[in-house]
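# Structural characterization, general
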Amino acid sequence: MMKKKSIYASTAFLVLILCQMISALDVPLDSKLLEELLQPPTITQQSPKDYIVDPRENIVIQCEAKGKPPPSFSWTRNGTHFDIDKDAQVTMKPNSGTLVVNIMNGGKAEAYEGVYQCTARNERGAAISNNIVIRPSRSPLWTKEKLEPNQVREGDSLVLHCRPPVGLPPPIIFWMDNAFQRLPQSERVSQGLNGDLYFSNVQPEDTREDYICYARFNHTQTIQQKQPISVKVFSMDSLNDTIAANLSDTDIYGAKPVTERPPVLLTPTGSTSTKVELRGNVLLLECIAAGLPTPVIRWIKEGGELPANRTFFENFKKTLKIIDVSEADSGNYKCIARNTLGSAHHVISVTVKAAPYWITAPRNLVLSPGEHGTLICRANGNPKPNISWLANGVPIAIAPEDPSRKVDGDTIIFSHVQERSSAVYQCNASNEYGYLLANAFVNVLAEPPRILTPVNKLYQVIADSPALLDCAYFGSPKPEIEWFKGVKGSILRGNEYVFHDNGTLEIPVAQKDSAGTYTCVARNELGKTQNEVQLEVKDPTMIIKQPEYKVIQRYGQVSFECIIKHDSTLLPTIIWLKDNYELPDDERFLVGKDNLTIMNVTDKDDGTYTCIVNTTLDSVSASAMLTVVAAPPTPAIIYARPNPPFDLELTGQLERSIELSWIPGDENNSPITSFVIEYEDGLHEPGVWHYQTEVPGTQTTVQLKLSPYVNYSFRVIAVNEIGRSQPSEPSEQYLTKSANPDENPSNVQGIGSEPDNLVITWESLKGFQSNGPGLQYKVSWRQKDVDDEWTSVIVANVSKYIVSGTPTFVPYEIKVQALNDLGYAPEPSEVVGHSGEDLPMVAPGNVQVYVINSTLAKVHWDPVPLKTVRGHLQGYKVYYWKVQSLSRRSRRHVEKKILTFRGNKTFGMLPGLEPYSSYKLNVRVVNGKGEGPASPDKVFKTPEGVPSSPSFLKITNPTLDSLTLEWGSPTHPNGVLTSYVLKFQPINNTHELGPLVEIRIPANESSLILKNLNYSTRYKFYINAQTSVGSGSQITEEAVTIMDEAGILHPAVGAGKAMASRQVDIATQGWFIGLMCAVALLILILLIVCFIRRNKGGKYPVKEKEDAHADPEIQPMKEDDGTFGEYSDAEDHKPLKKGSRTPSDRTVKKEDSDDSLVDYGEGVNGQFNEDGSFIGQYSGKKEKEPAEGNESSEAPSPVNAMNSFV
């Protein structure tokens, strides 16, 4: 027997897994399609489970349903068939199941008390409503009783009992006096939850004869009044006077003075009590104490904290209120009453039970013949609810058998369904605190494909933007969709198209050649159909001449241009805005075809003007600022702001309006253009002034609209062209009466913070918007598209409510309605929110990488199913990292890079890759909660590229006819080096370059001795590395062979110079040496003359500037090259940049010049503006082939140093 059970459990588990793999059909919300398809009944509207009716009005019991064919309706009453035809007082509305019981023509509401249930039936099944309990409301009168006056000594406690009549629903209790004024309440005097009036200690001012308890029955709009209760408080002084009048002088008399007492609890009694509350309800706990001085109440939860954001204290902290209670709120709550003489406490043991609530409510199934599916009904509660199933309103145990159906606890498994399997199933979850009933139908359809998108529908898009071509379809079994371009085109495939599950074809980047006719074909085993749509691709709209920044004098004229280019088939409209608002309604603003002109400009015209160009497909905009400056002032007239208005007067006081008048102040030579009226609400925001309205400057009275429950004061501000006056003195105050709220909270949102909750937030009404005291909110929600009833709760004046136990990321309809002590605001509009998101479940599949070149790759992936995203799809993240370089085979620290692609994109580009390297990547889907799992790592390799320049070039061992060259391998080989290419050529005295010699050197060599060179000759060398892809960048160097073996010259060589430095071979000639000595003597004489003149004339401006700045890079004379840094010629001597000189070992290292301008050209003849921007042109160009150029730049030499003094 145990073996059989195990086999059955395994089989059921496998079947359940199989069923979950097959998704049911989705029926599009197309009205024509819904009219044609057969569908079991669905209850769309029904009366509440507990329906309290007004006995004076007709009873309407709602039951509406839809289905195809239209369903018929029947009713049961108290479990038996209710024959409507036999009761003349009961009628059923046409084409509806709603019952109307005619009470106003002689019927008795009490005769129709009972439990009603509606059944809607057609040939596909039967749906049933909840059990609707009908009870007429009752508002009985108070029983007459003789009330004795209450005589109490000052300082004693007192309880005035209300004991209202038992009504349905229970009445609202409040205490008033004969003048219908509410009795003031405080920490000392307050009303309990049972309606009694408690005095912690009485005072003489409590003496009165009109303590009246009122019971308001909202359902019947009646108020019942208890007989007045009299209270007389005897003070100690008056009691002593009475005793003294009745006793002789020799008697000892006198009442005891008022004595202070420690706290004693009036309610609840005893030291402990218990309380049971249901999950989701509001928990109210109360403690009221007697004592003198008046005790203060404090609440704690033993062994825990009071729940944050859900705990409120009412009735002067005598009532603890916890909203939306859950099982976690069970426990012991202690109230402590304390005054200066001691304390008292009471422990209330709270147990939170729960009526059934849904975890997973059953959903309708639409299946094809032979398919599989499941109905799941899961609910929770405390105690755990019992789950039972019905089929077409009949317990499933006695319902007709269906071989395709198998019940497994809270799940019904369907396999190989046929059309006769269609039915409506009911799930009932119940415990001792309530029940849940849900209808879910199984509709088995065999339908050939239908395409619901209109024939030849035209789609228009802008070039380079996405195009979405719809192919809404339906069929059972689910059809396969294929797309073709053109009448006889081939089926569309490839990465340039995205095919959505709903049949839509997406062209991510539509081009001009994407235009044309597209054909959608839908087919299943019952047939096929097709539809054609048209796509037109338009040129984008552009602003080819944008408005420009303007500065204009006051009273001048200014014009902004906005010239556009657009597709010839689109009709553009141009709108001008000022500071993102419409242009002022002023004839000075002239809008032309492609410009905006403002005449007679004033200070108010200062701002940002925006030109917006709209077509039916796109929109572009451009903005420019206008600055208005003052015109030359006219000294004859002084303009100033106006003086404040005065003599404010309020007349014509009404509930919602009042008239305000004033006398203007002096306008100070500038006419008053307007008056601004502001108001202060002394009741809610004293000291804060708000804008009310603005009227023309010729008007001195205004009719103002008012809001209820506001204590108004008004003030007036005058405005002219110069500015605003000081505010006037405030008017007298005017308090408006209370009323129902006129509006509901704004910005209602529903966003889950956890996967199983829904956080409903809203912007609370401002103080004056409440229209009266006791502002609260009615928060309602229901799951969207599930035919659920609204769940509502009334909360205090807060701005957030959390719904727990929701399914993950499902839509909810939400509404928040304001109410106060006088009633509700108008019915609020509904918004749609979502319960909390959870991390995505699956990783993107079919990840493919296409290497485009050595530094760029393209990655593709399949989108994940939207139902597995479990949240708002934000995009995909691609993680990629370099594993190793293929040329060095050395690993390094892995630095992962991340690229994010927004939306439902399925491909992306990976830039900045290193050539000839091995990479890995994976893809993850992202929602609002975070990232999903990563796809398996994908390995790809980049091809070879051209290498970088050799790391250095060094020339050593010069002889009469040879030089030794040494170089370093490239820092980034970017592949396998095949060889080095060395080029060199001589440079003559006139800087001309001689013939170019090229030598190819094996890749494994790093030095070379060049022989058979000319003696005492300057050579320029170029070397670069090569891979199979091509040549890399080159590095250059210059060197000179020696004149003889006796001496070796070490000329200064400029690394990276495009042209050779000046070299004079006649430097060894005797006559030249004599000439140089004469020049040196002349320079020495000039220096002596300058020194003498400086000592005579003191400091001169150049010297002062030099002393002030003390630039370490500018020295009077550089000893290493003999040049003068400060007195250099503008043409021949530019200050040398750091790194432009060759080091003493003649080694040129690449990193030494990374931060210099050498990387951008051969010379540095440009200049810089004050803001650091570069102007002028480079003195040289990037390194050309040496044979093509004959330019040079001079290096510092003694001859040039001499020229700088000429």
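Source: prediction; values computed, not measured.

## Notes on the overall build of the protein
- Within the protein, the regular secondary structure consists of 7 helices and 88 strands.
- Burial status across the protein gives 41% buried among its 1206 residues.
- Expressed as a percentage of contacts within the protein between residues at least 6 apart in sequence, the contacts between residues at least 24 apart total 65%.
- When the accessible surface of the protein is split by element, carbon and sulfur atoms take 52% of a total near 65,000 Å².

## Some points on the pattern of salt bridges
- Tallying each qualifying case throughout the model produces 37 salt bridges.
- Where Glu145 meets Lys226, a salt bridge forms, and the shortest distance between an N and an O atom there is 2.5 Å. A residue pair is termed long-range when its members are at least 10 positions apart, and Glu145 in the loop between strand 11 (132–136) and strand 12 (150–153) and Lys226 in the loop between strand 18 (222–225) and strand 19 (229–234) qualify at 81 residues.
- Judged by its relative accessible area of 32%, Glu145 falls in the partly exposed class.
- Judged by relative accessible area, Lys226 falls into the buried class, the value being 3%.
- A salt bridge links Lys512 to Asp567; its shortest N-O distance comes to 4.0 Å. Placement of Lys512 in the loop between strand 44 (505–507) and strand 45 (516–524) and of Asp567 in the loop between strand 50 (563–565) and strand 51 (573–578) is noted, with a sequence separation of 55 residues between them.

## Side note on a nonpolar patch on the surface
- Residues Leu1081, Leu1084, Ile1085, Ile1088, Val1089, Phe1091 and Ile1092 make up a contiguous nonpolar surface patch of roughly 660 Å² in combined accessible area.
- Judged by relative accessible area, Ile1085 falls into the partly exposed class, the value being 45%.

## What to know about the sheet that holds strand 43 (residues 498–499)
- Pairing is antiparallel in the open sheet, where 3 strands are placed in the order 40-44-43. One side of each edge strand has no neighbouring strand; the edge strands of this open sheet are strand 40 (467–469) and strand 43.
- The sheet contact formed by strand 43 and strand 44 spans 2 bridges and is antiparallel. Within strand 44, the position partnered with Phe499 by the bridge is Leu505.

## So, the state of the cysteines
- One pass over the full model with this rule turns up 6 disulfides.
- A sulfur-sulfur separation of 2.0 Å characterises the disulfide bridge that pairs Cys63 with Cys118. For the disulfide bridge between Cys63 and Cys118, the dihedral angle about the S-S bond is near -70°, and by the sign convention the bridge is left-handed. On the criterion of sequence distance, the pair formed by Cys63 in strand 4 (residues 63–68) and Cys118 in strand 9 (residues 114–122) is long-range, its members being 55 residues apart. Take Cys63 and Cys118: they sit in the same class, and that class is buried.

## Observations concerning the packing of aromatic side chains
- In total, this model carries 19 aromatic pairs according to the counting rule given.
- Centroid distance Tyr919 to Phe940: 5.6 Å. Interplanar angle 15°. Geometry classified as stacked. Of the two residues, Tyr919 is situated in strand 77 (residues 917–927) and Phe940 in strand 78 (residues 938–941); the sequence distance between them amounts to 21 residues.
- Note on Tyr919: relative accessible area 5%, which makes it buried.
- Exposure remark for Phe940: the relative accessible area of 5% places this residue in the buried category.
- An angle of 65° between the planes, with centres 6.2 Å apart, marks the rings of Phe984 and Tyr1019 as edge-to-face.

## Focus on the pairing of strand 28 (residues 342–360)
- Bridge count between strand 21 (residues 272–278) and strand 28: 7 bridges; the pairing is parallel. Each bridged residue has a counterpart across the sheet, and for Ser273 the counterpart in strand 28 is Ile348.
- In this sheet, strand 28 lies alongside strand 27 (residues 331–339) in antiparallel orientation, the contact comprising 9 bridges. Note that in strand 28 the partner of Gly331 across the bridge is Val350.
- Hairpin connection between strand 27 and strand 28: a loop of 2 residues separates the two successive antiparallel strands.
- Relative to strand 31 (residues 378–382), strand 28 runs antiparallel, the two being bridged by 4 bridges. Looking across to strand 31, one finds that Thr360 is bridged to Arg378.

## A look at the environment of Cys377
- Positionally, Cys377 belongs in the loop between strand 30 (373–376) and strand 31.
- For the pair formed by Cys377 and Arg363, sequence separation is 14 residues and the distance between their alpha carbons is 8.8 Å.
- The residues contacting Cys377, other than those within four sequence positions of it, are Trp358, Thr360, Pro362, Ile387, Trp389, Asp410 and Cys427.

## Details of the side chain of Asn820
- In this fold, Asn820 is placed in strand 69 (residues 811–820).
- Judged by relative accessible area, which is 6%, Asn820 ranks as buried.
- Polar contacts involving the side chain of Asn820 include one to the main-chain carbonyl oxygen of Ser770, which spans 2.8 Å.
- One polar contact links the side chain of Asn820 to the main-chain amide nitrogen of Leu822, over a distance of 2.9 Å.
- The contact partners of Asn820, leaving out residues within four places of it in the chain, are Ala739, Asn740, Pro741, Ser770, Asn771, Gly772, Pro773, Gly774 and Leu775.

## So, the pairing of strand 65 (residues 757–763)
- Burial analysis of strand 65 places 5 of its 7 residues in the buried class, the great majority of the element.
- Strand direction decides the pairing type here: strand 64 (residues 746–751) and strand 65, joined by 4 bridges, are antiparallel. Within strand 65, the position partnered with Gly750 by the bridge is Ile760.
- In this structure, the hairpin formed by strand 64 and strand 65 is closed by a connection of 5 residues.
- Note: strand 65 against strand 68 (residues 800–804), 5 bridges, orientation antiparallel.

## Some thoughts on the sheet that holds strand 56 (residues 619–629)
- Reading across from one edge, 48-56-55-51-52 is the order of the 5 strands in this open sheet, with mixed pairing throughout. Edge positions in the open sheet fall to strand 48 (550–553) and strand 52 (581–582), since each of these has one partner strand only.
- Relative to strand 56, strand 55 (residues 607–614) is paired through 8 bridges, and the arrangement is antiparallel. Bridged to Asn614 within strand 56 is Ser619.

## Let's talk about unusual backbone geometry
- Put simply, Lys68 and Pro69 share a cis peptide bond, and its omega is 0°.
- The topology assignment puts Pro69 in the loop between strand 4 and strand 5 (72–77).
- The linkage connecting Leu168 with the following residue, Pro169, adopts the cis geometry, with an omega of -10°.
- Within the element layout of this structure, Pro169 appears in the loop between strand 13 (158–160) and strand 14 (172–176).
- With a phi close to 50°, His416 is a non-glycine residue in the positive phi region.
- Structurally, the position occupied by His416 is in the loop between strand 35 (411–414) and strand 36 (423–431).
- For His416, a relative accessible area of 52% puts it in the exposed group.

## Concerning the side chain of Glu678
- With respect to the helices, strands and loops of the structure, Glu678 is situated in strand 59 (residues 672–681).
- In terms of polar contacts, Glu678 uses its side chain to reach the side chain of Arg715, at 2.8 Å.
- If sequence neighbours within four positions are ignored, Glu678 has contacts with Trp689, His690, Tyr691, Gln692, Ser713, Phe714, Arg715, Ile717 and Arg724.

## Observations concerning the nonpolar core
- Residues Ile59, Ile61, Trp75 and Ile134 are the most contacted members of the largest nonpolar core, which totals 30 residues.
- For this core, the secondary structure elements donating two or more residues are strand 2 (50–53), strand 3 (59–61), strand 4, strand 5, strand 8 (99–101), strand 9 and strand 11.
- For this core, the element with the highest residue contribution is strand 9, accounting for 3 residues.
- Setting aside residues no more than four positions away along its own chain, Ile134 makes contact with Tyr51, Val53, Ile59, Ile61, Tyr112, Glu113, Gly114 and Tyr116.

## What to know about the confidence of the model for the protein
- Mean pLDDT over the protein stands at 83; residues scoring 70 or higher make up 83%.
- A low-confidence stretch, residues 1045–1064 (pLDDT under 50), is modelled with 53 contacts involving residues beyond four sequence positions or located in other chains.
- Below a pLDDT of 50 lies the segment residues 1098–1206, which in the model reaches 133 contacts outside its immediate sequence neighbourhood of four places, other chains included.

What counts and how
- Residues numbered from 1 in each chain as written.
- Predicted model: local features only at pLDDT ≥ 70, side-chain atom pairs only at ≥ 80, totals over all residues.
- Heavy atoms only, no water.
- Helix = DSSP H or I, 4+ residues; strand = E, 2+ residues; numbered from the N terminus.
- Buried < 20%, exposed > 50% of the residue type's maximum accessible area, 1.4 Å probe, protein only.
- Contact = heavy atoms within 4.5 Å.
- Areas by Shrake-Rupley, 256 points an atom, 1.4 Å probe, with all protein chains shown as cover.
- Salt bridge = Lys/Arg side-chain N within 4 Å of Asp/Glu carboxyl O.
- Patch = residues over 30% accessible without salt bridge, like charges linked within 9 Å, V, L, I, M, F, W, Y side chains within 5 Å.
- Pairing = 2+ DSSP bridges.
- Disulfide = S-S within 2.5 Å.
- Phe/Tyr/Trp six-rings, centres within 6.5 Å; stacked < 30°, edge-to-face > 60°.
- Polar contact = N/O pair within 3.5 Å; in protein donor to acceptor, adjacent residues only side chain to side chain.
- Core = buried A, V, L, I, M, F, W, Y, C linked by side-chain atoms within 4.5 Å.
- pLDDT = per-residue confidence, 0-100.

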